[in-house]
Amino acid sequence: MRMSARTIPVSAASILVALFCLTASARADDRRLDKSRLSIMQLNAEFLWDGQDPEEGQADFPWKGSPTECEEHMRRVSELILKADPDIVNLCEVENLDSLTLFNDHFLAGRGYAPYLVKGTDSFTGQDVCLLTRIDPEGGAIRRDDRAGTSGNITKNVSKNYIARIDVAPDLKIALVGIHLLAIPPEESRRLPRQAQADAVRSIALDELHAGFQVVVIGDFNDYDGSQEAMDHIGSQPITTVLSSIRAMDPADPADDLVSAASRLDQSLRWTAFYDANRNGSVDPPLEFTSIDHVLLSPALAQKIETVAIPHEHDPRLVTDHFPVVVWFRLRAAAGPAAPGLRIAELLPNPPGDESKNESVTLSNGGATAIPLAGWKLRDAANTEWLLDAQDGTVPAGGRTDVLRRSRKMTLNNGGDTVELIDPQGHVVQRMSYGRCDEGEIVTTQP
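Residues numbered from 1 in each chain as written. Predicted model: local features only at pLDDT ≥ 70, side-chain atom pairs only at ≥ 80, totals over all residues. Heavy atoms only, no water.

**A closer look at the overall build of the chain**
So, step 1. Regarding its fold elements, the chain presents 7 helices and 25 strands.
So, step 2. The C-alpha atoms of the chain give a radius of gyration of 22 Å, which matches the 22 Å a tight globule of 447 residues would have.
So, step 3. Dimensions of the chain, computed from the C-alpha atoms along their principal axes, are close to 70 × 50 × 45 Å.
So, step 4. Here the chain, with 447 residues, has 54% of them falling under the buried criterion.
So, step 5. Long-range pairs, those at least 24 residues apart, make up 69% of the contacts in the chain with a sequence separation of at least 6.
So, step 6. Counting every atom, the chain has about 18,500 Å² of accessible surface; 51% of that belongs to carbon and sulfur.
So, step 7. Taking the average place of the 44 positive charges on the side chains of the chain and the average place of its 65 negative ones, the gap between the two points comes to 5 Å. (Helix = DSSP H or I, 4+ residues; strand = E, 2+ residues; numbered from the N terminus. Rg over C-alpha atoms; globule rule 2.2 N^0.38 Å. Buried < 20%, exposed > 50% of the residue type's maximum accessible area, 1.4 Å probe, protein only. Contact = heavy atoms within 4.5 Å. Areas by Shrake-Rupley, 256 points an atom, 1.4 Å probe, with all protein chains shown as cover. Lys, Arg positive; Asp, Glu negative; His and termini not counted. Charge placed at Lys NZ, Arg CZ, Asp CG, Glu CD.)

**Let's talk about the packing of helix 2 (residues 67-84) against helix 3 (residues 97-107)**
So, step 1. The geometry of helix 2 relative to helix 3 is characterised by a closest axis approach of 10 Å and an angle of 65 degrees between their N-to-C directions. Crossing geometry of helix 2 relative to helix 3 is assigned as right-handed. Contacts between helix 2 and helix 3 involve Glu71, Met74, Arg75, Val77, Ser78, Ile81 and Leu82 from the first element and Ser99, Leu102, Phe103, His106 and Phe107 from the second. (Axes fitted to C-alpha atoms, helices over the stretch in contact; angles between N-to-C directions. Left-handed = near helix turned anticlockwise from the far one by under 90°.)

**Some points on the environment of Ser364**
So, step 1. Within the secondary structure, Ser364 is located in strand 17 (residues 360-365).
So, step 2. Expressed as a C-alpha distance, the spacing of Ser364 and Ala397, which sit 33 residues apart in the sequence, is 8.6 Å.
So, step 3. Those residues in contact with Ser364 that lie beyond four places of it in its chain are Gly341, Leu342, Arg343, Ala345, Val395, Gly399 and Arg400.

**Things to note about the packing of aromatic side chains**
Two descriptors summarise a pair of aromatic rings, namely the distance from one centre to the other and the angle between the planes of the rings.
So, step 1. For the structure shown, the criterion picks out 9 aromatic pairs.
So, step 2. Judged by centre distance (5.2 Å) and plane angle (55 degrees), the ring pair of Phe47 and Trp49 falls under tilted. For the pair shown, Phe47 and Trp49 are each scored as buried.
So, step 3. Both rings, one in Phe61 and one in Trp63, keep their centres 5.5 Å apart while their planes meet at 55 degrees; by these two values the pair is tilted.
So, step 4. Taken together, the ring pairs connect Phe47, Trp49, Phe61 and Trp63 into an aromatic cluster. (Phe/Tyr/Trp six-rings, centres within 6.5 Å; stacked < 30°, edge-to-face > 60°.)

**Describing the environment of Glu79**
So, step 1. Tracing the sequence through the fold places Glu79 in helix 2.
So, step 2. With relative accessibility at 44%, the residue Glu79 sits in the partly exposed group.

**Quick look at the pattern of salt bridges**
A side chain with one charge may pair with a side chain of the opposite charge, provided their charged atoms come close.
So, step 1. Scanning the entire structure with this criterion turns up 35 salt bridges.
So, step 2. Between Arg194 and Asp223 there is a salt bridge, with its nearest N and O atoms 3.0 Å apart. Here Arg194, found in helix 4 (residues 191-210), pairs with Asp223, found in the loop between strand 9 (214-220) and helix 5 (242-248); they are 29 residues apart in sequence, far enough to count as distant.
So, step 3. The exposure class of Arg194 is buried, given its relative accessible area of 0%. (Salt bridge = Lys/Arg side-chain N within 4 Å of Asp/Glu carboxyl O.)

**Points about the sheet that holds strand 15 (residues 325-330)**
So, step 1. Taken in spatial order, the 6 strands of this open sheet run 3-4-2-1-15-14, and their pairing is mixed. The two strands at the open ends of the sheet, each matched to only one other strand, are strand 3 (114-116) and strand 14 (305-309). Neighbour-to-neighbour, the strand axes of the sheet open up by a mean angle of 15 degrees, direction not taken into account.
So, step 2. Summarising the sheet, strand 1 (residues 37-48) and strand 15 pair through 6 bridges and their orientation is antiparallel. (Pairing = 2+ DSSP bridges.)

**Considerations on the side chain of Thr362**
So, step 1. Mapped onto the secondary structure, Thr362 falls in strand 17.
So, step 2. A relative accessible area of 5% means that Thr362 is categorised as buried.
So, step 3. Setting aside residues up to four positions removed in sequence, Thr362 forms contacts with Arg343, Ile344, Ala345, Glu346, Arg400, Thr401 and Asp402.

**Digging into the nonpolar core**
So, step 1. In terms of nonpolar packing, the biggest core is built from 39 residues, with Ile174, Leu176, Leu297 and Phe329 touching the most fellow members.
So, step 2. At 5 residues, the largest contribution of residues to this core is made by strand 7 (residues 160-169).
So, step 3. In this structure Phe329 touches Ser36, Arg37, Leu38, Ile40, Leu297, Leu301, Lys304, Ile305 and Glu306, once residues within four positions along its chain are discounted.
So, step 4. Counting residues in each nonpolar core, the second largest holds 26 residues, with Leu48, Leu91, Leu108 and Trp328 among its members. (Core = buried A, V, L, I, M, F, W, Y, C linked by side-chain atoms within 4.5 Å.)

**Section: the pairing of strand 19 (residues 377-380)**
So, step 1. In this structure, strand 19 lies alongside strand 20 (residues 385-387), joined through 3 bridges in antiparallel fashion. Paired with Leu378 across the bridge in strand 20 is Trp386.
So, step 2. Taken together, strand 19 and the strand that follows it, strand 20, pair antiparallel across an intervening segment of 4 residues, in which Asn383 is found at a positive phi of about 75 degrees.
So, step 3. The sheet contact formed by strand 19 and strand 23 (residues 417-422) spans 4 bridges and is antiparallel. When the bridges of strand 23 are listed, Arg379 appears paired with Glu420.

**Observations concerning the pairing of strand 23**
So, step 1. Counting buried positions over the 6 residues of strand 23 gives 6, a clear majority of the element.
So, step 2. Of the two faces of strand 23, the one lined by Asp417, Val419 and Leu421 and the one lined by Thr418, Glu420 and Ile422 are each fully buried.
So, step 3. Between the antiparallel neighbours strand 23 and strand 24 (residues 428-434) lie 5 residues, among them Gly426 with a positive phi of about 90 degrees.

**Observations regarding unusual backbone geometry**
So, step 1. The amide bond that connects Asp53 to the next residue, Pro54, takes the cis arrangement and shows omega of -5 degrees.
So, step 2. Structurally, Pro54 can be placed in the loop between strand 1 and helix 2.
So, step 3. One non-glycine residue, Asn222, lies in positive phi territory at about 50 degrees.
So, step 4. Relative to the helices and strands, Asn222 resides in the loop between strand 9 and helix 5.
So, step 5. The phi dihedral of Ser407 falls on the positive side, at around 65 degrees, and the residue is not glycine.
So, step 6. What makes Ser407 partly exposed here is its relative accessible area of 46%.

Structural data, given as structure tokens:
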């Protein structure tokens, strides 16, 4: 049955309320500390189960049936969320609302998230796609849509999906379409069924766009993006039209084409999932890493992107075999920076010796007056920071100063990262991305 908040008859309202996950009051609440910014994360948590009977699905995994091991897995997954500290999380491979609530209450307590999950129809894996958000959705609920799409002679719906309408700014409403599509990207027998699912997703997203919402299609697509601007680090090519179909929205209107957040990253950093293809228990890059998790955005929303990151800091054999995709937006234009002359000139991510002390950022001052660094910040793609202080000194007019890490939390990752320079008023003055660095290699700002 096709459902839309615009077409539900009054007589059906009570039935739908029973189906929705009412985990917050009907009055939308916004628990962001900075409402001028928004951050969204996509993460496949790899079987986020609670270990309690009766367990859902028939799929097997190492921590199945053990509440202790399931909670340890939850703890490790929570660390990925806590480090990026996003406002909205689309979480794939979650057992049910009880597991999601346990995860939120025990491991994300005090972070302002409310959990939402509408039960899907994947009875084999038992997995669902769900939402953690600091901004309550419209009506205090999310919904799913069971419409089917077609490809060739195949008709199929999306067993794991939800739609959440969220007011993120007075003049900006988004429709979050969370999805988890049929698995195994190179399997020919899955091609038409996954394309049919994509056709359904495209139709859902178009309805939300026509209802006046900026669209975010987010999730584990289980497929590659073959477009030149967003393909992964090894150039994986799909056998399907899944990504191109959803991105196109209305094929007759190129102005509504969705933008992949990955297009804002250097290609060398675009990989979101690990698959142990040779089953040797080791991580063997680069071919065992691909991008199958995606965040697709309406063009007007894509224009507000500040930073995109795919943090690659955890071992995918120990936490989850997927990596987060995090997108930060600036919703309102900021005033000019306090000191426009200050810029990042060089980075030394991989110094000889103790990296926790010797990593460095060289700042240059093109202005006519000296700039004290106390109160400035450097922030990485995972949203961790170096808060600069008096010990970091002053950058003289027309001069440069090296800022050492000095055991501060933020790491300049050797495998690549994005670093922002932020003034004392919180304005992002400069953003600089780089790829993998050898020992002693200096990264310079592009002219």
